[in-house]
Amino acid sequence: MTAFENKYLLLINIHLDYKSKFANKIGLNKIYKFISKNKNKNIILLGDFNIHEDNSNFKTFIQKLTKTT
């Protein structure tokens, strides 16, 4: 994960592991914690998640983000 911040926004770029579902889950949890700590900022999240949108870890990540906002 790489992050860039200025007074207007926080840009987060990610590249998650594609070989290990467990590593992918850990990466999503770390990203979620980082976003939660910075939820008062304008955030743009981009990059390569290396998962499909029907992946259970990704669905959980999206649900948690929805509840955070």
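Presented here is an overview of the structure given in this document. (Residues numbered from 1 in each chain as written. Predicted model: local features only at pLDDT ≥ 70, side-chain atom pairs only at ≥ 80, totals over all residues. Heavy atoms only, no water.)

### With respect to the nonpolar core
Then, number 1: In terms of nonpolar packing, the biggest core is built from twelve residues, these being Leu10, Ile12, Ile14, Leu16, Leu28, Ile31, Tyr32, Ile35, Phe49, Phe58, Phe61 and Leu65.
Then, number 2: Contributions of two or more residues to this core are made by strand 2 (10-15), helix 1 (21-37) and helix 2 (56-68).
Then, number 3: Looking at this core element by element, the count peaks at four residues for helix 1.
Then, number 4: If near-sequence neighbours (up to four positions away) are discounted, leucine 65 is found in contact with Tyr32 and Ile35. (Core = buried A, V, L, I, M, F, W, Y, C linked by side-chain atoms within 4.5 Å. Buried < 20%, exposed > 50% of the residue type's maximum accessible area, 1.4 Å probe, protein only. Helix = DSSP H or I, 4+ residues; strand = E, 2+ residues; numbered from the N terminus. Contact = heavy atoms within 4.5 Å.)

### Description of the packing of aromatic side chains
Then, number 1: All chains considered together, the criterion is met by three aromatic pairs.
Then, number 2: Their ring planes at 55° and their centres at 6.3 Å tell us that phenylalanine 49 and phenylalanine 61 sit as a pair that is tilted. On the criterion of sequence distance, the pair formed by phenylalanine 49 in the loop between strand 3 (43-48) and helix 2 and phenylalanine 61 in helix 2 is long-range, its members being twelve residues apart.
Then, number 3: One aromatic cluster is present, built from ring pairs that chain together Phe49, Phe58 and Phe61. (Phe/Tyr/Trp six-rings, centres within 6.5 Å; stacked < 30°, edge-to-face > 60°.)

### Some words on the pairing of strand 3
Then, number 1: In this structure, strand 2 lies alongside strand 3, joined through six bridges in parallel fashion. For isoleucine 14, the partnering residue across the bridge sits in strand 3 and is glycine 47.
Then, number 2: In the classification by handedness, the crossover that spans strand 2, the intervening helix 1 and the parallel strand 3 is right-handed. (Pairing = 2+ DSSP bridges. Right-handed = clockwise from strand over helix to strand, strands pointing away.)

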